Amino acid sequence: MARTPLWKSIALALTADIAEARYQTGDQLPTEAQLAAKFGVNRHTVRRALAEMADQGLVHARRGAGVFVAARPTDYPIGRRVRFHQSVAASGQTPTKRLLALDTRAADAREAEALGLPAGAPVLVYDGLSLADGAPIALFRSTFPAGRFPELRAALSETRSVTQALGRCGLADYTRATTRITAKLANATQALHLRIAEGAPILRTVGINIDAEGAPVEYGRTWFAGDRVTLTVDGV
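If you're wondering where the values come from, they're calculated on a predicted model, not measured in any experiment. (Residues numbered from 1 in each chain as written. Predicted model: local features only at pLDDT ≥ 70, side-chain atom pairs only at ≥ 80, totals over all residues. Heavy atoms only, no water.)

What to know about the nonpolar core
Link 1 in the chain: Counting 18 residues, the largest nonpolar core has Leu 14, Ile 18, Leu 29, Val 46, Leu 50, Met 53 and Val 59 as its most contacted members.
Link 2 in the chain: Counting only elements with at least two residues in this core, the list comes to helix 1 (6-19), helix 2 (32-39), helix 3 (43-55) and strand 2 (66-69).
Link 3 in the chain: Residue contributions to this core peak at five residues, all from helix 1. (Core = buried A, V, L, I, M, F, W, Y, C linked by side-chain atoms within 4.5 Å. Buried < 20%, exposed > 50% of the residue type's maximum accessible area, 1.4 Å probe, protein only. Helix = DSSP H or I, 4+ residues; strand = E, 2+ residues; numbered from the N terminus.)

So, in structure tokens, the structure goes:
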């Protein structure tokens, strides 16, 4: 089995320190010389680790001052009510969503089964990018029964928010019925959107949301940048 490069191990260790609040947003990291001494490597190796973290939006360098923590990985709870904007705001960051595609088409076999629809029934597919403080943290695809929510496309196009859009369509509340979490490696498209390296670790969640009567209203798949998000499971 191939060994993890030293620079990658250092980047992961420093990312863990940020996630565990040993370094807060805005804190200065130790100097390259100090980190080189701590990890027993040369400064070039440390510099590559810091460059990787900068590419991921975790740190930023100030000329003549040092390297500072830009943001720590976002705590993202997976519970009965999974709400992106609330979760990111609760972590002290600003949530935004970017619309990538909005398409009505025939459901594939997996979507039809998840939503309890006949094969080939029309579904609305919402592809987007979730960001925290401007940094991409997740790529998602949400699929809805188009026949039940004929006004959903316009609502999503305007609000970008699933909760707000479903509310406009008369669904005041929905809850998570199931969630599956799987570790994956980013493909080229995912890496491009998430600004990570192809083959970098990501976490994929597959979930089904239901209404008060238990009818499926959303089949969602989300791919989280592994170094930027800490998934916490509560009550699922």
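Thoughts on the sheet that holds strand 6 (residues 135-145)
Link 1 in the chain: The six strands lie next to each other as 4-5-6-9-8-7, forming an open sheet whose pairing is antiparallel. Of all strands in the sheet, those bounded by a partner on one side alone are strand 4 (95-106) and strand 7 (175-185). Sheet twist, expressed as the mean angle between neighbouring strand axes with direction ignored, is 15°.
Link 2 in the chain: Pairing of strand 6 with strand 9 (residues 216-225), which is carried by six bridges, proceeds in the antiparallel orientation. Paired with Leu 139 across the two strands is Trp 223, which belongs to strand 9.
Link 3 in the chain: Of the strands in this sheet, strand 4, strand 5 (122-132) and strand 6 touch helix 6 (residues 152-159), which is tilted by about 155° from strand 4. (Pairing = 2+ DSSP bridges. Axes fitted to C-alpha atoms, helices over the stretch in contact; angles between N-to-C directions. Contact = heavy atoms within 4.5 Å.)

Topic: helix 6
Link 1 in the chain: Among all positions in helix 6, only Leu 152, Ala 155, Leu 156 and Thr 159 are buried. The buried residues of helix 6 occupy one face: seen down the axis, they fall within an arc of 95°. Turned more than 90 degrees from where helix 6 packs its buried face, Ala 154 and Glu 158 sit exposed.
Link 2 in the chain: Arg 160, located one to two residues past helix 6, shows a positive phi value of around 65°. (Arc of directions from axis to C-beta.)

Remarks on helix 1
Link 1 in the chain: With 14 residues, helix 1 should reach 20 Å at 1.5 Å per residue; the first-to-last C-alpha distance of 20 Å fits that figure.
Link 2 in the chain: Residues of helix 1 that are buried include every one of Trp 7, Lys 8, Ile 10, Ala 11, Leu 14, Thr 15, Asp 17 and Ile 18, and no others.
Link 3 in the chain: On the buried face of helix 1, the contacting elements are helix 2, helix 3, strand 1 (59-62) and strand 2.
Link 4 in the chain: Ala 21 occupies a position one or two residues after helix 1 and carries a positive phi of about 65°. (Expected span 1.5 Å × (residues − 1).)

Quick notes on the packing of aromatic side chains
Link 1 in the chain: Following the criterion strictly, the structure yields one aromatic pair and no others.
Link 2 in the chain: For the ring pair Tyr 126 and Phe 140, a centre distance of 4.9 Å and an interplane angle of 85° mean the geometry is edge-to-face. Residue Tyr 126 is found in strand 5, and its partner Phe 140 is found in strand 6; the two are separated by 14 residues along the sequence. The burial state of Tyr 126 is the same as that of Phe 140; both residues are buried.
Link 3 in the chain: The ring centre of Phe 140 lies 4.7 Å from the NZ or CZ of Lys 97, which sits over that ring. (Phe/Tyr/Trp six-rings, centres within 6.5 Å; stacked < 30°, edge-to-face > 60°. Lys NZ or Arg CZ within 6 Å of the ring centre and 35° of its normal.)

Observations concerning the environment of Arg 148
Link 1 in the chain: Mapped onto the elements of the fold, Arg 148 is located in the loop between strand 6 and helix 6.
Link 2 in the chain: A sequence separation of 11 residues divides Arg 148 from Thr 159, and the C-alpha atoms of the two residues are 19 Å apart.
Link 3 in the chain: Excluding anything up to four places from it in sequence, Arg 148 contacts Leu 171, Asp 211, Ala 215, Pro 216 and Val 217.

No statement about biological role is implied by the geometric values presented.
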